[in-house]
Structures are given as structure tokens and as C-alpha cells.
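Results of the structural survey
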Amino acid sequence: LTRSLVPSAPAALRALPPPVAVGVLHTTRPLHTTQQSLAPLPPLPEKGGEVRHGLIPEEFFQFLYPKTGVTGPYMLGTGLLLYFLSKEIYVINHETVAAACILTVIIYGIKKFGADVAAFADKLNEEKMAAAVAMKNEAIQTLQTAIEEEKKEQWRVEGRSFLFDAKRNNIAMLLETNYRERLLMVYNEVKKRLDYQVAMQNLRRQKEQEHMIQWVEKNVVQSITPQQQKESIAKCILDLKALSKSAHAAV
Amino acid sequence: MNLNFFDQFSSPSLLGIPLILIAMVFPALLLPSPGNRWINNRLSTLQLWFINLITKQLMIPLDKKGHKWALILTSLMMFLLLTNLLGLLPYTFTPTTQLSMNLALAFPLWLATLLTGLRNQPSVSLGHLLPEGTPTLLIPALILIETTSLLIRPLALGVRLTANLTAGHLLIQLISTATTTLMTTMPVVSLLTLAVLLLLTILEVAVAMIQAYVFVLLLSLYLQENI
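Residues numbered from 1 in each chain as written. Chains lettered and ligands numbered in written order. Predicted model: local features only at pLDDT ≥ 70, side-chain atom pairs only at ≥ 80, totals over all residues. Heavy atoms only, no water.

The next subject is the overall build of chain A. Broken down by element type, chain A carries 8 helices and 2 strands. Across the 251 residues that make up chain A, the buried fraction comes to 10%. Working note: accessible area of chain A is about 21500 Å², and carbon and sulfur atoms make up 65% of it. (Helix = DSSP H or I, 4+ residues; strand = E, 2+ residues; numbered from the N terminus. Buried < 20%, exposed > 50% of the residue type's maximum accessible area, 1.4 Å probe, protein only. Areas by Shrake-Rupley, 256 points an atom, 1.4 Å probe, with all protein chains shown as cover.)

A word on the pattern of salt bridges. Residue and element names in this part refer to chain A. All told, the structure shown has 10 salt bridges over all chains when counted by the stated rule. The partner of Glu127 in a salt bridge is Lys123, and the shortest N-O contact between them spans 3.5 Å. Here Glu127 and its partner Lys123 are both found in helix H6 (residues 94–158), 4 residues apart, which amounts to about one turn of the helix. What makes Glu127 partly exposed here is its relative accessible area of 44%. With relative accessibility at 45%, the residue Lys123 sits in the partly exposed group. Among the ionic pairs, Lys191 bridges to Asp195, the shortest N-O distance being 3.6 Å. (Salt bridge = Lys/Arg side-chain N within 4 Å of Asp/Glu carboxyl O.)

Looking now at the interface of chain B and chain A. Across the contact, 26 residues belong to chain B and 25 residues belong to chain A. Of the roughly 2400 Å² buried between chain B and chain A on both sides combined, carbon and sulfur atoms contribute 71%. Broken down residue by residue, the surface that chain B buries against chain A is led by Trp38(B), Arg42(B) and Tyr91(B), which jointly contribute 26%. Connecting chain B to chain A are 1 salt bridge. The partner of Asp122(A) in a salt bridge is Arg42(B), with the nearest N and O atoms 2.9 Å apart. Across the chain B-chain A interface, the total number found is 9 residue pairs in polar contact (both at pLDDT 80 or more). (Contact = heavy atoms within 4.5 Å. Buried area = accessible area lost by both parts, 1.4 Å probe. Polar contact = N/O pair within 3.5 Å; in protein donor to acceptor, adjacent residues only side chain to side chain.)

Moving on to the confidence of the model for chain A. Mean pLDDT over chain A stands at 87; residues scoring 70 or higher make up 87%. Across residues 1–7 of chain A the pLDDT falls below 50, and counting only partners more than four positions away or on other chains, this stretch makes 11 contacts in the model. (pLDDT = per-residue confidence, 0-100.)

All names here are of chain B. Phi at Leu15 is positive, roughly 55 degrees, even though this residue is not glycine. As for its position among the elements, Leu15 is in the loop between strand S1 (13–14) and strand S2 (17–18). A positive phi angle, near 60 degrees, is found at Tyr91, a position not held by glycine. Mapping Tyr91 onto the fold places it in the loop between helix H3 (70–86) and helix H4 (99–120). The exposure class of Tyr91 is partly exposed, given its relative accessible area of 48%.

Position of Thr201(B) among the secondary structure elements: in helix H8 (residues 187–226). In contact with Thr201(B), other than residues within four places in its own chain, are Cys101(A), Ile102(A) and Val105(A).

Counting 32 residues, the largest nonpolar core has Leu73(B), Leu76(B), Leu80(B), Leu105(B), Leu157(B), Phe215(B) and Leu219(B) as the members making the most contacts within it. Secondary structure elements with two or more residues in this core: helix H2 (42–59), H3, H4, helix H7 (153–185) and H8 of chain B. The element best represented in this core is H3(B), accounting for 8 residues. In terms of nonpolar packing, the next biggest core, distinct from the first, is built from 11 residues, Val97(A), Ile102(A), Ile172(B) and Val205(B) among them. (Core = buried A, V, L, I, M, F, W, Y, C linked by side-chain atoms within 4.5 Å.)

Printed below as a string of C-alpha cells:
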């Protein structure tokens, strides 16, 4: 059967119900008759098969439906049970009562807590998925923020020329200021040197004058002979007498 | 058809072939092995969550050296839990009602904890024989008492489990026999005994789970003292 399926896979494989398809794949794998081109497999179903009364698969009811209708399986069950009881193939003893009690407890527990437990299991799975989905969304969000930031940077690039002009003006002003400062410094330095020359000249003339005055005075003092001294003193005395006479007269 | 009430506890055999091994392996058939899917079906998810819960509870008081025991303690817990719960179904055989099996579980594990403690930290584990703050006069007597209590631990573990389960099963059999017998003569009293049986069944479910938990918890406590 498997050898006949292998050449016509995967169409025939997909026609089988999925659990059987997986089993077929696994049984044909060790045969190594062809390359493993039985993929892609149909995915496994998410939920299990439908069950009626928690025990009997739905397929059984569908199987008996054409011949016995809707009540068929129930009639079969009741008949079997009564057959076992009446022929004493199953004997009613104390275990029957114990069985009834434990079944009551089990069914009560399932009916009361079944939905809650199923919801809890679903919540565990949902949380797992939600964490992964949250990670994915966060990654997408980060990338979108990055895109927007990039667009903003591109818009900023357009204003680049204004920025450069402003910077150029700044620098030009700085250079101008620096140049003027240095010009001032040069002027001050030159003026200092010229002032120094002027001061030197003035000093020189002053010293020459002083020197000349001193030399003249020295020579004059040297040239005063004693006779001239006596004559000048006598003249001074005559002048003083004349002055005193005029003063007396004035008073 | 049992002639006496103790035949239910005899080890089952078919044509002379002992079936005890099948009875012990059967609970494992009920646990689906987690497949290599990321999101499992409800049963696998619940099973994984439950095993994680048990392992965390057992391993929190232990330090890193004790984590080597995680696998055996968790699998022991799952085994005892399922075996006890399955034994409540009618016409089933519970392996944990056999003293031989419970002692075979308790004795080696207890001995392992004892030898670990004596080998790695002998003075600390021997120090557990004397509680702190005892008056000097009482020390010899207390050491004898503590040694006895230490040596009796495996017996206690095994017999506790056996006695609880055996007693529970026996009680269920007796009361259900009473119910069956009284049904023909005094139906009302039979209904009363049926009510008692219902309550007893609920108790037995609780006892099954609690006994498994107590067994593993005590082993982990002995481990904490010695590791």
C-alpha cells in the first residue's frame, strides 16, 4: 500500500486524514525508496475528534446512522447492558455500588470544573502566544519609530545650507574681530616705540640745556675777578644808600 | 467474585504470569508526552503546568546540589498520584496497596538521603540527632529517641502509604457491601449507607492525592536536612 502511494504523493497523501498521513510518512521514511519529497505535509488538526458523552467518538454514531438511524447506538448500548446483566456475564456486586459512587463523583467534578479548567489551559496558551506577539509588535514599533526618525533626519538635511551659512558668518565675524584686535595691538606697539623716540629727544634737549646753563654759570662765576667783586659790592652799597634816601624821603 | 475482602489486594496474575508490572506502568499511558509543538493541546499544557508547579514547590527550599533530585522526586509524585487515583476505579488493582512496593520505594530513597548527608557533611547530619536547646540531663535519652525516629523513617513512609490506601479501599468495599446487602431488606438504611459511601469516595480521592504529596514532601524534607 505504501509503495503504491509513494510515487503519487503528495496528492494521495493529502487525501488521507492528517493523522494517518503523518503515519504514512513515518512508515515510508525508513524504506528510502525515493527522495523525501512527501513534504509539504498537511498540518495536524488543532482540536481532537468530536466525542459524544465524553467517551464515544462521533464517527461511531455516523457509522451506524445509515442502518439504524439516530437511536441506533443507544439501542445497541442498552441491549448490550441488559444482555450482560440478564445472562449474569456482569454480576451486580458491591463493586457496582462503589463504581456508581466514583462515577458520580467524577462526572460531578467534570461538569462543575471542566469549563474552568479548559479556560485555564486556554489562558496559559494565550499568555504564551501574547508574549510572542507582543515581542513581534514591539519590534515592528521600534522599526517604525526608526523610520520616522530617519525621515526627520532627511528633512533636517534640507536645512543644511542655512546652517552652513550661519556657521560661515559666525566664523567670518570671529576672524574679523581677531584681525581688528591684532591691528589695534600693532598700532599700540608702534605708538609706544614712537613715543619712546620722542621722549628720548626731549630728554636729550633738556639735558643739553641744563648742561649749557650749568656751564655758563660756572664760567661766569669763574670769570668774576676779585676786583669786579669789590666794584660790584661798592656799587650795591651806593645804590642802597640812594634807595634809602629816596625811601626816607618817601616816608 | 471475591470470597473475602482481602483478595482485592492480592497481586494480579493471569495464567501464572504476574501482571504487577503492567499495573505499575499503566499510569504512564495516561500522560501524553509533550510533542515538539510550541502551543500544545489542553491536556499537554495542563500537564506541563502541573509538573512545573510540583517541581518548583519541591525545589525551592533546596539549594543547587539538591536540584539533582528534581527528576526522581517529580516522577515519583506523578507515579504515586496517578496510581492512587486510578485505584479508586472499580475492579482495578492499586500497586501502592502492596507493602513490598512502598517499602521498595521508601527505603532506597531514604537511605540515599541519609548516605548523602553522612558522606558530605557528617557532623551536620549527625547534629540533627540533637535538637537545639535541650537540657543537659536529657541529652542521652534524646539521642536514643532521635536515632530511633531516624531509623524508623523508611518504615513509616512505606507503611503510611500502604495503610492509608488499603484502609480506604477496604472501607469502600465494606460499605458498598453493606449497601448492596441492605438494598433488599431496608432500602432507606441502604440509601443512608450510600450517602456515606459518596462522602467516603470524595475523602478517598483527597487521601489519594494527599498521600502521594506527603510521601514526596517528607522525602524532600529528609533531603533538606542532609544535603
